[in-house]
Amino acid sequence: MNIKSKVNVNRIIGLILFIAVLVVINLIASNVFARVDLTENKIYTLTDATKSALSELKDIITIRAYFSEGLPAQYAEFRQIIKDKLDEYKIYAGDNLEYEFIDPSDSVGRQRAMTDGVPQVRINVFEDDQYTSRNVYLGLAVTYQDKKEVLPLVQDLSWLEYELTRAIIKVSQPETYVGYVTSNGTPDMDKDIFNLMRVMRTQFNVRSVDLNQGKIPTNISTLILLQPTMSFTKDQLYAIDQFLMRGGNLAVFFDKINADMETGTANKLNIGLNELLNNYNLGVNEDIVLDRNHVQVTVPQISGSMINFVRQDYPFIPIITEFDTTNPVVKDLENINLIVASSIDTSRLQDSELEYSILARSSKYAHLMKSNYTISPTYRLTPDMYNASNVPLAISVYGKFSSFFANDELAGEDENYTAESPETKIVLVGDGDFVKDKYLGRAATQNPNMVFFMNLIDWLTLGKGLISIRSREVTYRPIQKIVDGKVVEFSKSEKAKIKFMNIFYPVAIVLIFGIIYFIAMGIKKKSEVRV
């Protein structure tokens, strides 16, 4: 074999080896999932809550994704992003998670979507310099044994992990209920808090609880006691106490001062609830918290025979911005509004073994009205009266609680009486008005007050892990350029060229590098042969 033939053989062998290495690398890459998350809020990195939920699966979870073809630009990458997310879910779930993507463009696909409860939705898109509407499928169905949860529209990727993990937890864990107390003068579920109940029912199994019926059902995980106004009987308090003792979670939203916004009057509310709370090292003080950081309200002003409506400061509705930034329930909230709130008594907690977090406080400039209660817009405060600072308004407590009825005859008569709870949770807020329809406004579901309330119920019912997923953000950043000092978007043809370059250039660079490498190796081997 002459020198030229040897060089050619070496080149061919080298090229074959290079291709073989590439094939091996691709085979490894196709079976090993790995990526680096460079997003600002790590939106593509699974949280510990998700990993835990997946690792605890006892049977197979099936996820069916229904996505239309040819989605507009802002949704074009959704399919791949969701597939990547499901691939990562499968790493932690193993054989207990299966998924498939179904094309709903034909009758078979549409029928499957209908059977799974995934609807066709109308979205508004901006294409060709104009807004148009399109009917598409952008939903997921999560099934586990005989239970199913549907995500009808995946529109915001920042909520994808939260909604998907939440659905997995709901179908894979024993069914639990959230109870809402309907006795003792609480707001009507359908008239006063319709929007709250509408949101609650999309996320939980909600049951009404009448404390007059005695024992609270055992399948209720969290009990909501919202703004009671009528006195509790001993039996009713016993029912709440034993619910907590058996490990139930309790959410109390209690106005110690009963305010009438129409008449501007306010009076103490003594209904027996505070005595029960005191036993758990908690309580609501007999005061109204006014804050220098507050809203304005519209009030009528009579001028002669005319009635004018003017905006006026109203410190009785404080804008709360001081939150416990270490607590996932509130750390991502910017503000909430409380309506004629009372402060929380935390004095007993300091000497207890309970873990607690003061979720929300007043600003550094607050005033405590402890007598001569009024909520009239004409009430005026001088600057020196704002002499209270960081007043507790909402608190969460975790630990073991002792029964209020330890030495009571009711305990002696009840063979199932429990004197101490396992580790469980209580949330206490010094206001119950803040989630009523009349204060939430038109965009009720997005109101920060609603988010705050739902975070509390999530933490009580499902644990704090899911809360950490809620507020991850993803920002849509379209390809743009600067023309004459102005930011404008590229045309469709320019975007196509950029996309082509992003695909072609990396491959071309690798190929060029490979060619240069083999030429150099060939020259080196040729020189060695000559020597």
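**A few points about the overall build of the protein chain**
Thought 1: Counting its secondary structure elements, the protein chain contains 13 helices and 23 strands.
Thought 2: By the burial criterion, 43% of the 531 residues in the protein chain qualify as buried.
Thought 3: Within the protein chain, contacts between residues separated by at least 24 positions form 73% of all contacts whose residues are at least 6 apart in sequence.

**Some thoughts on the sheet that holds strand S2 (residues 97–102)**
Thought 1: Taken in spatial order, the four strands of this open sheet run S2-S1-S5-S6, and their pairing is mixed. With partners counted over all chains shown, the strands left at the sheet margins are S2 and strand S6 (147–151), one partner each. Each strand of the sheet is rotated relative to its neighbour by a mean of 15°, with strand direction disregarded.
Thought 2: Judged from the five bridges that link them, strand S5 (residues 138–144) and S6 form a sheet pairing that is antiparallel. Paired with valine 142 across the strands is glutamate 149, a residue of S6.

**Some details on helix H2 (residues 48–55)**
Spacing of three or four residues puts side chains on the same side of an α-helix, whose turn is 3.6 residues.
Thought 1: Residues of H2 that are buried: Thr50, Ala53 and Leu54. Seen from one end, H2 has its buried residues packed into an arc of 95°, which puts them on one side. Summarising the geometry of H2, the exposed residues directed more than 90 degrees from the buried face are Asp48 and Ser55.

**Topic: the side chain of aspartate 287**
Thought 1: Within the secondary structure, aspartate 287 is located in the loop between helix H8 (273–279) and strand S13 (288–291).
Thought 2: Look at aspartate 287: it is buried, it has no salt bridge, and the nearest opposite charge is lysine 370 at 5.9 Å.
Thought 3: At 2.6 Å, the side chain of aspartate 287 forms a polar contact with the side chain of serine 343.
Thought 4: Not counting chain neighbours up to four residues away, the residues in contact with aspartate 287 comprise Ile257, Ala341, Ser342, Ser343, Leu368, Met369, Lys370 and Tyr373.

**Digging into the pattern of salt bridges**
Thought 1: With the rule as written, the count across this model stands at 12 salt bridges.
Thought 2: Between lysine 436 and aspartate 433 there is a salt bridge, and its shortest N-O distance comes to 3.2 Å. Considered together, lysine 436 and aspartate 433 belong to a single accessibility category, that of buried residues.
Thought 3: What emerges from the salt-bridge pattern is a single network uniting Arg64, Asp116 and Lys148.

**Re unusual backbone geometry**
Thought 1: If you check the backbone angles, asparagine 372 has positive phi at about 50° while not being a glycine.
Thought 2: Within the secondary structure, asparagine 372 sits in the loop between strand S19 (366–369) and strand S20 (392–399).
Thought 3: The backbone of asparagine 390 sits at a positive phi, close to 50°, despite the residue not being glycine.
Thought 4: With respect to the secondary-structure elements, asparagine 390 resides in the loop between S19 and S20.

**Points about the side chain of threonine 143**
Thought 1: Looking at the element boundaries, threonine 143 is found in strand S5.
Thought 2: Those residues in contact with threonine 143 that lie beyond four places of it in its chain are Ile60, Ile61, Thr62, Arg64 and Lys148.

**What to know about the pairing of strand S18 (residues 355–361)**
Thought 1: Of the strand pairs in this sheet, strand S16 (residues 322–323) and S18 are connected by two bridges, and their pairing is antiparallel. When the sheet's bridge partners are listed, glutamate 322 is paired in S18 with arginine 361.
Thought 2: Looking at chain direction, S18 and S20 are connected through six bridges and run antiparallel. Along S20, the bridge assignment pairs glutamate 355 with tyrosine 398.

**Regarding a nonpolar patch on the surface**
Thought 1: On the surface, a nonpolar cluster with roughly 520 Å² of combined accessible area is contributed by Phe500, Met501, Phe504, Tyr505 and Ile509.
Thought 2: As for its placement among the helices and strands, phenylalanine 500 is situated in helix H13 (residues 492–530).

**Section: the nonpolar core**
Thought 1: Leu196, Met200, Ile224, Ile288 and Phe453 are the most contacted members of the largest nonpolar core, which totals 59 residues.
Thought 2: Per element, the largest residue contribution to this core is eight residues, and it comes from helix H11 (residues 448–462).
Thought 3: In this structure, isoleucine 288 is in contact with Ile257, Ala266, Phe316, Val340, Ala341, His367, Leu368, Met369, Tyr373, Thr374 and Ile375, ignoring residues within four places of it in sequence.
Thought 4: Core analysis: the next-biggest nonpolar cluster, separate from the first, contains 39 residues, Ile216, Leu223, Phe254 and Leu349 among them.

**Examining helix H7 (residues 234–245)**
Thought 1: An ideal rise of 1.5 Å per residue puts 16 Å on 12 residues; H7 measures up with 16 Å between its terminal C-alpha atoms.
Thought 2: Counting buried positions along H7 gives 10 out of 12 residues, so the element sits mostly inside the fold.
Thought 3: Along H7, the positions that sit buried rather than exposed are Gln236, Leu237, Tyr238, Ala239, Ile240, Asp241, Gln242, Phe243, Leu244 and Met245.
Thought 4: Against the buried residues of H7 lie strand S9 (220–226), strand S10 (249–253), H8, helix H9 (409–413) and strand S21 (424–429).
Thought 5: Taken from the residues just after H7, glycine 247 is the one with a positive phi, measuring 105°.

**Some thoughts on the confidence of the model for the protein chain**
Thought 1: Mean pLDDT over the protein chain stands at 85; residues scoring 70 or higher make up 84%.
Thought 2: Averaged pLDDT values for the elements of the protein chain fall to 52 in strand S23 (residues 486–489) and rise to 98 in S10.

**Side note on the sheet that holds S21**
Thought 1: Ordered by their spatial adjacency, eight strands build an open sheet running S8-S7-S9-S10-S21-S20-S18-S16, and the pairing between neighbours is mixed. A single partner strand is all that each edge strand has here, and the edge strands are strand S8 (205–209) and S16.
Thought 2: By the bridge criterion, five bridges tie strand S7 (residues 177–181) to S8 in an arrangement that is parallel. Across the sheet, the residue bridging to tyrosine 180 is serine 208, located in S8.

**Focus on the packing of aromatic side chains**
Both the distance between ring centres and the angle between the ring planes are used here to describe each pair of aromatic rings.
Thought 1: One pass over the full model with this rule turns up 12 aromatic pairs.
Thought 2: Between phenylalanine 67 and phenylalanine 101, the aromatic rings sit 6.1 Å apart at their centres with planes inclined by 45°, giving tilted as the arrangement. In this pair, phenylalanine 67 is assigned in strand S1 (residues 61–67) and phenylalanine 101 in strand S2, connecting sequence segments 34 residues apart.
Thought 3: Here phenylalanine 67 falls in the buried class, since its relative accessible area comes to 1%.
Thought 4: Lying across the ring of phenylalanine 204, arginine 166 places its NZ or CZ 4.6 Å from the centre.
Thought 5: Positioned over the ring face of tryptophan 459 is lysine 425, at 5.0 Å from the centre of the ring.

**Concerning the packing of helix H6 (residues 194–203) against H11**
Thought 1: Where H6 meets H11, the closest approach of the two axes is 11 Å, and the angle between their N-to-C directions is 40°. On the basis of their axis angle, the class for H6 and H11 is oblique. Handedness of the crossing formed by H6 with H11: right-handed. For the pair formed by H6 and H11, the contact residues are Asn195, Leu196, Val199, Met200 and Gln203 on the first element and Met450, Phe453, Met454, Ile457 and Asp458 on the second.
Thought 2: Grouping the constituent residues of the contact of H6 with H11 by class yields seven nonpolar, two polar and one charged.

What counts and how
- Residues numbered from 1 in each chain as written.
- Predicted model: local features only at pLDDT ≥ 70, side-chain atom pairs only at ≥ 80, totals over all residues.
- Heavy atoms only, no water.
- Helix = DSSP H or I, 4+ residues; strand = E, 2+ residues; numbered from the N terminus.
- Buried < 20%, exposed > 50% of the residue type's maximum accessible area, 1.4 Å probe, protein only.
- Contact = heavy atoms within 4.5 Å.
- Pairing = 2+ DSSP bridges.
- Axes fitted to C-alpha atoms, helices over the stretch in contact; angles between N-to-C directions.
- Arc of directions from axis to C-beta.
- Lys, Arg positive; Asp, Glu negative; His and termini not counted.
- Salt bridge = Lys/Arg side-chain N within 4 Å of Asp/Glu carboxyl O.
- Polar contact = N/O pair within 3.5 Å; in protein donor to acceptor, adjacent residues only side chain to side chain.
- Patch = residues over 30% accessible without salt bridge, like charges linked within 9 Å, V, L, I, M, F, W, Y side chains within 5 Å.
- Areas by Shrake-Rupley, 256 points an atom, 1.4 Å probe, with all protein chains shown as cover.
- Core = buried A, V, L, I, M, F, W, Y, C linked by side-chain atoms within 4.5 Å.
- Expected span 1.5 Å × (residues − 1).
- pLDDT = per-residue confidence, 0-100.
- Phe/Tyr/Trp six-rings, centres within 6.5 Å; stacked < 30°, edge-to-face > 60°.
- Lys NZ or Arg CZ within 6 Å of the ring centre and 35° of its normal.
- Parallel < 35°, antiparallel > 145°, perpendicular 65-115°, else oblique.
- Left-handed = near helix turned anticlockwise from the far one by under 90°.
- Nonpolar A, V, L, I, M, F, W, Y, C, P; charged D, E, K, R; others polar.

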